[in-house]
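# Architecture and fold: a report
Residues per chain, in single letters:
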Amino acid sequence: MNRKSNIVRALIAIVAVVILNFIATKLYSRIDLTQDKRYTLSEASKNTIINSKTPIYIDVFLTGEMPSEFKRLQVETKQLLEEFYEVNNNLIISYINPKDENPDINVLTTEMEKYGMPALRIDVKENGKSTQEVIFPWAVVNHNKKVSKVSLIKTNTTNSIDRINNSVQHLEYAFANAFKEVTTEKSKKIGVLIGNGQLESKYVYDFLSTLENNYHIIPFALDSIETKPIKTLKNLLKLDLILSAKPQKTFTDKQKYALDQFTINGGKSLWLIDAVHAEMDSISKKGKTLALGRDLNLKDMFFQYGLRVNPVLVKDLYATDIILLDNNNTPNKYPWLYNPMVIPQIKHPIVNNISPIKFEFANTIDLVKQGINIKKTPLLQTSLATAIIGPPTIISIEEVNNKKPNPKAFSKQNLTLAALLEGNFTSAFKNRVKPFEYQKHKDSSNISKMIVIADGDVIKNQLDRGKPLALGFDKWTGQNYGNKEFLLNAVNYLLDDNGLINVRNKEVKIPFLDVERIANEKLKWQVLNIIVPLLLLGTFGLIYSLIRKRKYR
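As a starting point, this report considers the structure included with it. Remember, it's a predicted structure, so these values are computed and weren't measured experimentally. In this numbering scheme, every chain counts its residues from 1 along its sequence in written order. Confidence filtering applies because this is a predicted model: local features only for residues at pLDDT of at least 70, side-chain atom pairs given and counted only at 80 or more, and all residues used for totals across whole chains, interfaces and linings. Working from all heavy atoms in the structure, the side-chain values ignore hydrogens and water.

### Concerning the side chain of Ser-445
Note the following rule: Helical segments are the DSSP runs of H or I of at least four residues, strand segments are the runs of E of at least two, and each set is numbered from the N terminus. Contacts described as polar in this section are N or O atom pairs within 3.5 Å, which, within protein, must combine one atom able to donate a hydrogen with one able to accept it, while residues neighboring in sequence count only if both atoms come from side chains. Contacts were defined at the residue level, with two residues in contact if any of their heavy atoms lie within 4.5 Å.
Turning to its location among the elements, Ser-445 is positioned in the loop between β22 (416-423) and β23 (448-453). Side-chain polar atoms of Ser-445 contact the backbone nitrogen of Phe-425, separated by 2.9 Å. Setting aside residues up to four positions removed in sequence, Ser-445 forms contacts with Thr-263, Ile-264, Gly-423, Asn-424 and Phe-425.

So this is what it looks like as structure tokens:
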């Protein structure tokens, strides 16, 4: 009887376990117990993939043997993708080590750069030896023949802990934005202004080709307004955002009036302005150039909105490098003070966790009292050691020989280089004679946004044998800067209607071991973790043996 009862109980237990497992699979849930909610995806991130019914392929190249801090980034990337997988199991994730495909690191590096995924070379110190590792901190998202590249490293800081922290904080936005690119149909229209001496298409190719993943890109010639003002203005009002990349020719009053009414009617705009004419190409060819002021006839319009672009040049002790040949024809790096390396100093979705941004012959921006209903945010500023120079002035390559600039000459600090305006704009043509009659003229807007950057070269990509390179990559020094990410964030912020840009405000705090302390106290901790536990175990065994002998003696 007892044997039969035991069998019944065992069967009931087995059935109960099976039922509990089945229920657990149906009621499966995940709980994020981290203080910063690191593994909790925002609703905006979830919405980028939640409705996708077809596979989304993700290839992650950050794999294989690598330094410890990058292993942390590798783990965080894997865990984040697992969270996305819980939202939509159509994600097919692969971890690929490029070195397995091609062991020749030089050939592999060249191939990856062709695909816009340059390698990251890092110095590794271990056991007193210093070596250099090459890793590829990239991922590729593919969906229905649409491809988006994801950079897993988001800062050029030399502090490895800060670099990994900033990169981890950016992961969710980076992947969510990539998912949005490959799964969302285009709806918004961006007009790229031409006809006023803006940069040629080959110099803005990389940025515009990236924008095309999410938006309709439309070249827009404003010069047609001279003969067909009403039609041109109506076509302009059909756009959601206008982009003017380094205009060099004066805007006419008709053109300016059309741009003004575009803003007053809620149109967004991104301006990259050079108020001083100074080009590195001229210096490279002749060794020097004459910097002159440039008047684009936009001063009154910008002033009415609440800012002024000053026709001065910025010199910053915290600058990017240029490559010059010495007397032995050996290339060397020299800091070029006219190219500030700008590190964002504020917490804002546009500039959070991005790499330093390279400027070339930048001007400054003053935020004025005009435009009282407009919120003005200085997005980017110079360092604490800045000087300004007014044109006309001669800029010579010989200035690199001045290895010890006078610190007293660099007394300016935190000069604004890029500003965001958002709010109720007032027309620059209010109570003024209009250049042409427009019956639907408005003097004020409901809500609009505008970003002005006091350097047209921020958007300019370099060329290699006539082919555009990735924006932000300097082929001469091999450095990657955050220009592209900054501008993409700017456009996304101006046009964002799903809150995805706010994911950038998420802060993740990762605890790291103090590497220097580990090196200094290595022996002590080895003793504490190996010898002490053995001594305690031996002591416990001896005491236990003595107790047993005394008890059973």
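### Quick notes on the packing of helix α8 (residues 229-237) against helix α9 (residues 253-264)
Each packed pair of helices is defined by two parameters, the angle between the axes and the distance between the axes. This is how the line gets drawn: Here an axis means a line fitted to C-alpha atoms, over the contact stretch when the element is a helix, while the angle between two N-to-C directions is reported on a 0 to 180 degree scale. In this scheme the handedness of a crossing depends on how the near helix is turned from the far one: anticlockwise by less than a right angle means left-handed, clockwise means right-handed. Polar here means any residue other than Ala, Val, Leu, Ile, Met, Phe, Trp, Tyr, Cys and Pro, which are nonpolar, and Asp, Glu, Lys and Arg, which are charged; Gly is therefore polar.
It is at 10 Å that the axes of α8 and α9 come closest, and there the two elements cross at 35°. Along this stretch, α8 crosses α9, giving a crossing that reads as right-handed. For the pair α8 and α9, the contacting residues are Leu-233, Leu-236 and Leu-237 in the first and Ala-258, Leu-259, Gln-261 and Phe-262 in the second. In the contact of α8 with α9, the residues fall into six nonpolar, one polar and no charged.

### Quick word on the nonpolar core
Put simply, the rule reads: Put simply, a nonpolar core is a bunch of buried Ala, Val, Leu, Ile, Met, Phe, Trp, Tyr and Cys residues held in one set by side-chain atoms that sit within 4.5 Å of each other. Exposure is judged per residue with a 1.4 Å probe applied to protein chains only, and the accessible area is read against the type maximum: over 50% gives exposed, under 20% gives buried, and values in between give partly exposed.
In this structure, Phe-175, Phe-207, Ile-453, Phe-486 and Leu-487 are the most contacted members of the largest nonpolar core, which totals 77 residues. When residues in this core are grouped by element, the largest group, ten residues, is from helix α6 (residues 160-183). What Phe-486 contacts, discounting residues up to four positions off in sequence, is Ile-350, Val-351, Ile-354, Ile-357, Leu-379, Leu-380, Ala-418, Ile-453 and Val-458. Leu-193, Phe-262, Ile-273 and Phe-436 belong to the second-largest nonpolar core, a separate cluster that totals 36 residues.

### Looking at the sheet that holds strand β17 (residues 357-358)
Applied cut-off: Two strands pair if DSSP finds at least two bridges between them.
Reading across from one edge, β15-β16-β17 is the order of the three strands in this open sheet, with antiparallel pairing throughout. Bordering the open sheet on either side are β15 (319-325) and β17, each of which pairs with just one other strand.

### Thoughts on the packing of aromatic side chains
Using the following cut-off: Aromatic contacts are taken between Phe, Tyr and Trp rings whose centres are within 6.5 Å, Trp giving its six-membered ring; a plane angle under 30 degrees counts as stacked, one over 60 as edge-to-face, and the others as tilted.
Applying the stated criterion across every chain, the model contains ten aromatic pairs. The interplanar angle of 85° and the centroid separation of 5.6 Å between the aromatic rings of Trp-271 and Phe-302 together place this pair among those described as edge-to-face. Of this pair, Trp-271 sits in strand β10 (residues 268-272) while Phe-302 sits in helix α11 (residues 299-305), and the two are 31 residues apart along the sequence. Judged by its relative accessible area of 5%, Phe-302 is buried. Between Tyr-305 and Phe-425 the ring centres are 5.2 Å apart and the planes differ by 85°, which places this aromatic pair in the edge-to-face class. Here the residue Tyr-305 occupies a position in helix α11, and Phe-425 occupies one in the loop between β22 and β23, the gap between them amounting to 120 residues. Here Tyr-305 falls in the buried class, since its relative accessible area comes to 0%.

### Quick notes on helix α5 (residues 105-114)
The line we're drawing: As used here, the arc is the angular range of directions from the helix axis to the C-beta atoms.
Of the positions making up α5, those classed as buried are Leu-108, Thr-109 and Met-112. Taken around the axis of α5, the buried residues stretch over an arc of 100°, which confines them to a single face. Among the exposed residues of α5, those pointing more than 90 degrees away from its buried face are Asn-106 and Lys-114. Once α5 finishes, Gly-116 follows within two positions and takes phi at roughly 75°, a positive value.

### Structural notes on the pattern of salt bridges
Here the idea is simple: oppositely charged side chains can pair when their charged atoms come close. Operational definition: Here a salt bridge means any side-chain nitrogen of Lys or Arg lying within 4 Å of a carboxyl oxygen belonging to Asp or Glu.
Enumeration according to the criterion identifies twelve salt bridges in this entry. Between Glu-43 and Lys-46 there is a salt bridge whose closest N-O contact spans 3.6 Å. Here the residue Glu-43 and the residue Lys-46 both occupy positions in helix α2 (residues 43-47), the gap between them amounting to three residues, near one helical turn. With relative accessibility at 52%, the residue Glu-43 sits in the exposed group. With a closest N to O distance of 3.4 Å, Lys-358 and Asp-474 form a salt bridge. On the criterion of sequence distance, the pair formed by Lys-358 in strand β17 and Asp-474 in the loop between β25 (467-468) and α12 (483-495) is long-range, its members being 116 residues apart. With respect to burial, Lys-358 and Asp-474 carry one shared label: buried. Each of the salt bridges in this network shares a partner with another, and the network as a whole consists of Lys-246, Asp-274, Glu-279 and Asp-457.

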